[in-house]
Amino acid sequence: MSTARFPEGFVWGVSTSAYQIEGASGEDGKGPSIWDAFPGGRHGDPACDHYRRYPEDVRLMRDLGMAAYRFSVSWSRVLPEGAGRRNDLGLDFYDRLVDELLGAGITPYATLYHWDLPQALEDRGGWTSRDTAHRFADYARVVHERLGDRVGTWFTLNEPWVAAFIGHGAGVHAPGRRSAADAFVAAHHMLLAHGLGAEALRSSGAQRVGVVLNLSPVLTPAQLGDFTLEPSEEDAEAVARIDTLLNRQFVEPILRGRHPGDLLPVIERAAGLGHIHDGDLDVIGRPIDLLGVNYYTPVVVRAQPSAAADPAFPGSEGILFCSVPTAVTAMGWPIMPGGLSLVLRRLTREYPDTELMITENGADFVDVVTGDGIHDVDRTSYLEEHLRVLRASLDEGARVRGYLVWSLLDCVEWADGYRRKFGLVHVDFATQRRRLKDSALWYRDVIKRNGLGVDRPKRPTLETVAARAQVSRATVSRVVNGEASVSPEVRAAVLRAVQELGYVPNAAARSLVTRRANAVALVLAPPQNGGEALVSAVVQYVTSLLEGAGKQIALMLADTDESHRRIVRHVETHQVDGVVLVLPDGAGPLAERLARTEVPVVLLGRPAIASLVPYVDVDNVGGARAATAYLLDQGRRRVGIICGPTDLVVVQDRLAGHRNALHQAGLHPITAPAGFDRESGAAAARRLMGDVPGLDAVLATSDQLAIGALRAARQAGRRVPEDLAIVGFGDIDAASATTPALTTVRVPVTEQALALARLLLSRLDGRHTSSVVLPTRLVVRETT
Ligand code: FCB
């Protein structure tokens, strides 16, 4: 750690891909891709609107000091039907982008295929048709012809394993096929496309040609703690089989021009071998200049005779994919920086002449936008830990020429849509505003000093402690949990490391060995009044985050007194380690009752009665204040508020914010009580219009009420917004679909759900537990 500098000329940058950031999915003659047509997809617009905003994005990269930018070209923007007719407007875009990059001193790296096959080719068989490989080579030529004078480095494909097996085997990605045969055939045709494409690029004069693979070490659960452990014979066989399917299936044909020996029988069983023609391997195996490595997480398996094959790994019967009790990202991916070192060691040993580049590495974590920035400590630690490992790998002789973070921007994460956050830069998808996260500023400093600071990683992990004390992670975990089975010397060494590094043990570390209930209760009331989206987000994220930390989730419905009694009993008898309460209006007596047990409880929403139970809420007061102030700024003077049931804390808060803004302007509130639904919003609006002469604006405490008010205004012949401005609260889906579209206050949904899960995790760790209030934001549309 004494010198954390990187070699002179080491390339720092970021990666993105076309579908995930461009937007403009039907503009300037672009043809549809399989992702535009995929039912789980349709997120392609507006994405980051990079198609229009690329100058701003390039400026951001320049300001952060990036030397390289890896982007992908959308095949169907260039060739709308996948072959034949060229769309010059599409090529013009990449032309402008490349010029902008060069003008900013950033070297462009182009990927030709990052998963967005033209739909027209899919209609003709897609990757299961050999012809697609030839069309890819034509496409490569067309793009090179236009950009080759300025782009020196070309990657043919991105992660063919994912495209073939998640897209054609598991059916989770476009084109959504679920056929082992299709997956193997697609994989071979992608390899062939790489070979033919590389040849086309080279014969057109490309300087540097490569391919990008997702490579992961395959380990047993025990090896996660100690790579050197010898697995049992059965487990070793399971590991080898998955390694062949995931890694060697692609690495060996490309770098050695041959199939791994144990793969052909698996392919033959699923798909026959008719699609592999003589000579294909020669084309696939021609030398490349650069291998791009995408590393995120290891794959963990063990033998289990009864397990059925995973459709993403045809041929994997008898193998169990294990979820492991270790720290994970929000995506649930285990964090294991040492896995990068395993991948690099192996490549260095087996392919010492191949130049490498880390073309993707990064993490999805929940970001909270605060008044003074986005403090994404977890992402920064993730990147920093991986860079430390990379630095050590360079010392061991790995020929890694550069490192590109995934990703520059928060963007569309394929079938997961917008909820995944991998960016160094936060994107607000309603306004497209970009904000630098702390990780971006940290990365800028890394680039500036061409290395890591000498200060220790911000948040040491179990792994850092293990490395410092020179023991396995499991040993650290045992010491942290006070197990007796550790010798006094080892215990002292671990405790010294814990102290020196300032390590705070987390829930995951503890769950490695403690025998607690390892379960968490998620207590819900049936959602009502438009809260469904929030409740379903809570179920989804709380479940995935807590399960990722090794907890079972017990879903409990709290709808009757009897159910309350049952829940209290369940908690009192320690059948769960923690409770997440999602009840209307802060849970009241049940929360108080549970808070008296020793089990940590967290709440969604500020409770009516002040209590010590920490909660996650949104800034309702600030949102209503901002909405009212905006109306006043627009010159509105007679502003009414349609107000849902005032026994609800959210409604009280929204009313308070509204009053507060009026008060500052020397005005008095005009209140019309209402219930929950549109009809009652319409009735309240009618009353206001009848009673208040000159009424020129209405704020409603929910979008449903505002939508009702909008209807009543129209029926009464008022023009919106000319005669009457209307503002809602919540930004539910229906808000942007009204005519005119509703101005409203956006309430973050996913963020609340994630914050809630993390609050409970902190409580389980015994870490700080203050309540979290997330910002709300006015979204101005046409009703004002
Ligand atoms: C990789 C993909 C990239 C992004 C990251 C999170 O597999 O290449 O597009 O989705 O994962």
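The coordinates are above.
Let me sum up the structure you'll find in this document. Here the structure is a predicted model, which means the values were calculated and not measured.

## Focus on the overall build of the protein chain
Then, in step 1: When you go through the protein chain residue by residue, the secondary structure sums to 28 helices and 27 strands.
Then, in step 2: For the protein chain, whose C-alpha radius of gyration is 28 Å, the value lies close to the compact-globule estimate of 28 Å for 784 residues.
Then, in step 3: Across its three principal axes, the protein chain shows a C-alpha extent of roughly 85 × 70 × 50 Å.
Then, in step 4: Looking at the protein chain as a whole, 59% of its 784 residues qualify as buried.
Then, in step 5: Taking as baseline every contact in the protein chain between residues at least 6 positions apart, the subset at least 24 positions apart corresponds to 75%.
Then, in step 6: Accessible surface, the protein chain: about 29,800 Å² in total, of which carbon and sulfur atoms supply 51%.

## Observations regarding the nonpolar core
Then, in step 1: Formed by 147 residues in total, the largest nonpolar core has its most connected members in Leu390, Tyr403 and Tyr443.
Then, in step 2: Contact partners of Tyr443, with chain neighbours within four places excluded, come to Trp12, Gly13, Val14, Met66, Tyr403, Val405 and Leu424.
Then, in step 3: Listed in part, the 50 residues of the second largest apolar core include Val542, Val747, Leu754 and Leu760.

## Quick look at the pattern of salt bridges
Then, in step 1: By the definition in use, this model includes 57 salt bridges.
Then, in step 2: The residue Asp731 makes a salt bridge to Arg781 at a minimum N-O spacing of 3.1 Å. Placement of the pair is Asp731 in the loop between β24 (725-727) and β25 (744-746) and Arg781 in the segment after β27 (777-779), with a sequence separation of 50 residues.
Then, in step 3: Because the salt bridges share partners, they merge into one network encompassing Asp92, Asp95, Asp99, Arg146, Asp149 and Arg150.

## Structural notes on the sheet that holds strand β23 (residues 697-700)
Pairing between sheet strands relies on hydrogen bonds along the backbone, with the strands arranged either parallel or antiparallel.
Then, in step 1: The strand order across the open sheet built from four strands is β22-β21-β23-β24, with neighbouring strands paired in parallel fashion. The open sheet terminates on both sides in strands that have one partner only, identified here as β22 (670-673) and β24. Strand-to-strand twist in this sheet, taken as the mean axis angle between neighbours without regard to direction, amounts to 20°.
Then, in step 2: As defined by bridge partners, strand β21 (residues 639-643) adjoins β22 across four bridges and the pair is classed as parallel. Opposite Gly640, over in β22, you have Ile670 as the bridge partner.
Then, in step 3: Running over the sheet, helix α24 (residues 620-633) touches β21, β23 and β24 and is turned about 170° from β23.
Then, in step 4: Of the strands in this sheet, β21, β23 and β24 are in contact with helix α27 (residues 703-715), which crosses β24 at around 160°.

## Here's the deal with the packing of helix α15 (residues 377-395) against helix α16 (residues 438-449)
Then, in step 1: α16 packs onto α15 with a crossing angle of 30° between their chain directions and a minimal axis gap of 8 Å. On the basis of the axis angle, α15 is roughly parallel to α16. Contact with α15, carried on its side by Arg379, Thr380, Leu383, Glu384 and Leu387, involves Asp438, Ser439, Trp442 and Val446 of α16 and no other residues of that element.
Then, in step 2: Tallied by class, the residues present in the contact of α15 with α16 amount to four nonpolar, two polar and three charged.

## So, the site of the ligand
Then, in step 1: If you check the shell around the ligand, you find Gln20, His114, Trp115, Asn158, Glu159, Asn294, Tyr296, Glu360, Trp406, Glu413, Trp414 and Phe422 and nothing else.
Then, in step 2: In the environment of the ligand, an oxygen atom lies 3.0 Å from a nitrogen or oxygen atom belonging to the side chain of Asn158.
Then, in step 3: At 3.0 Å from an oxygen atom of the ligand is found a side-chain nitrogen or oxygen belonging to Glu360.
Then, in step 4: Considered on its own, the ligand offers 290 Å² of accessible surface; in the complex 96% of this is hidden by protein.
Then, in step 5: Partitioned by chemical class, the residues of the shell around the ligand number five nonpolar, four polar and three charged.

## Brief notes about the pairing of strand β1 (residues 11-15)
Then, in step 1: Counting buried residues along β1, five of its five residues qualify, which places the element largely inside the surrounding structure.
Then, in step 2: Residues Val11, Gly13 and Ser15 of β1 are buried on one face, and the alternating residues Trp12 and Val14, pointing to the opposite face, are buried as well.
Then, in step 3: For β1 and strand β13 (residues 400-406), the ladder comprises five bridges, and the chain directions are parallel. Paired with Ser15 across the two strands is Trp406, which belongs to β13.
Then, in step 4: Alignment of β1 against strand β2 (residues 68-72), held across three bridges, turns out to be parallel. Residue Gly13 lies in a different strand from β2, and its bridge partner there is Ala68.

## Thoughts on helix α22 (residues 561-572)
Then, in step 1: The terminal C-alpha atoms of α22 lie 17 Å apart, and with twelve residues this matches the ideal 16 Å at 1.5 Å per residue to within 8%.
Then, in step 2: For α22, the complete set of buried residues consists of Ser563, Ile567, Val568, His570 and Val571. For α22, the angular spread of buried residues about the axis comes to 160°, placing them on one side.

## Let's talk about the environment of Thr244
Then, in step 1: Along the chain, the position of Thr244 falls in helix α11 (residues 233-256).
Then, in step 2: In this structure the C-alpha to C-alpha distance between Thr244 and His259, which are 15 residues apart in sequence, comes to 9.6 Å.
Then, in step 3: Excluding its chain neighbours within four sequence positions, the residues that come into contact with Thr244 are Gln249, Pro260, Asp262 and Leu263.
Then, in step 4: In terms of polar contacts, Thr244 uses its side chain to reach the side chain of Asp262, at 3.0 Å.

## Here we look at the packing of aromatic side chains
Then, in step 1: Applying the stated criterion across every chain yields a total of 32 aromatic pairs.
Then, in step 2: With centroids separated by 5.8 Å and ring planes inclined at 25°, the aromatic side chains of Tyr69 and Phe71 adopt a geometry described as stacked.
Then, in step 3: A ring pair is formed by Trp75 and Tyr139, whose centres lie 4.7 Å apart and whose planes are at 5°; its orientation type is stacked. Taken together, the positions of Trp75 in helix α4 (residues 75-78) and Tyr139 in helix α7 (residues 131-147) put the pair 64 residues apart, joining distant regions of the chain.
Then, in step 4: Cluster of aromatic residues (ring-pair linked, three or more members): Phe6, Phe10, Trp12, Tyr403, Trp442 and Tyr443.
Then, in step 5: One Lys or Arg, Arg77, reaches over the ring of Phe93 and ends 6.0 Å from the middle of that ring.
Then, in step 6: It is Arg391 that lies over the ring of Phe6; its NZ or CZ is 5.6 Å from the centre.

## So, the environment of Arg468
Then, in step 1: Here Arg468 lies in helix α17 (residues 462-469).
Then, in step 2: Residue Arg468 is classed as partly exposed on the basis of its relative accessible area, which comes to 41%.
Then, in step 3: Sequence separation between Arg468 and Ala497 is 29 residues, and the spatial gap between their C-alpha atoms is 6.0 Å.

## Concerning unusual backbone geometry
Then, in step 1: Look at the link from Trp406 to Ser407: it is a cis peptide, with omega at 10°.
Then, in step 2: Mapped onto the secondary structure, Ser407 falls in the loop between β13 and β14 (425-428).
Then, in step 3: Cis rather than trans, the peptide bond between Val720 and Pro721 has omega equal to 10°.
Then, in step 4: Its identity is not glycine, yet Trp115 carries a phi of approximately 80°, on the positive side.
Then, in step 5: Its place among the elements puts Trp115 in the loop between β3 (107-113) and α6 (119-122).

## Topic: the pairing of β14
Then, in step 1: Burial along β14 is two-sided: Val425 and Val427 and His426 and Asp428, pointing in opposite directions, are all buried.
Then, in step 2: Between β14 and strand β15 (residues 433-436), which pair antiparallel one after the other, the connecting turn spans four residues, and Gln432 there sits at a positive phi close to 65°.

Parameters at a glance
- Residues numbered from 1 in each chain as written.
- Predicted model: local features only at pLDDT ≥ 70, side-chain atom pairs only at ≥ 80, totals over all residues.
- Heavy atoms only, no water.
- Helix = DSSP H or I, 4+ residues; strand = E, 2+ residues; numbered from the N terminus.
- Rg over C-alpha atoms; globule rule 2.2 N^0.38 Å.
- Buried < 20%, exposed > 50% of the residue type's maximum accessible area, 1.4 Å probe, protein only.
- Contact = heavy atoms within 4.5 Å.
- Areas by Shrake-Rupley, 256 points an atom, 1.4 Å probe, with all protein chains shown as cover.
- Core = buried A, V, L, I, M, F, W, Y, C linked by side-chain atoms within 4.5 Å.
- Salt bridge = Lys/Arg side-chain N within 4 Å of Asp/Glu carboxyl O.
- Pairing = 2+ DSSP bridges.
- Axes fitted to C-alpha atoms, helices over the stretch in contact; angles between N-to-C directions.
- Parallel < 35°, antiparallel > 145°, perpendicular 65-115°, else oblique.
- Nonpolar A, V, L, I, M, F, W, Y, C, P; charged D, E, K, R; others polar.
- Near = heavy atom within 4 Å.
- Polar contact = N/O pair within 3.5 Å; in protein donor to acceptor, adjacent residues only side chain to side chain.
- Expected span 1.5 Å × (residues − 1).
- Arc of directions from axis to C-beta.
- Phe/Tyr/Trp six-rings, centres within 6.5 Å; stacked < 30°, edge-to-face > 60°.
- Lys NZ or Arg CZ within 6 Å of the ring centre and 35° of its normal.

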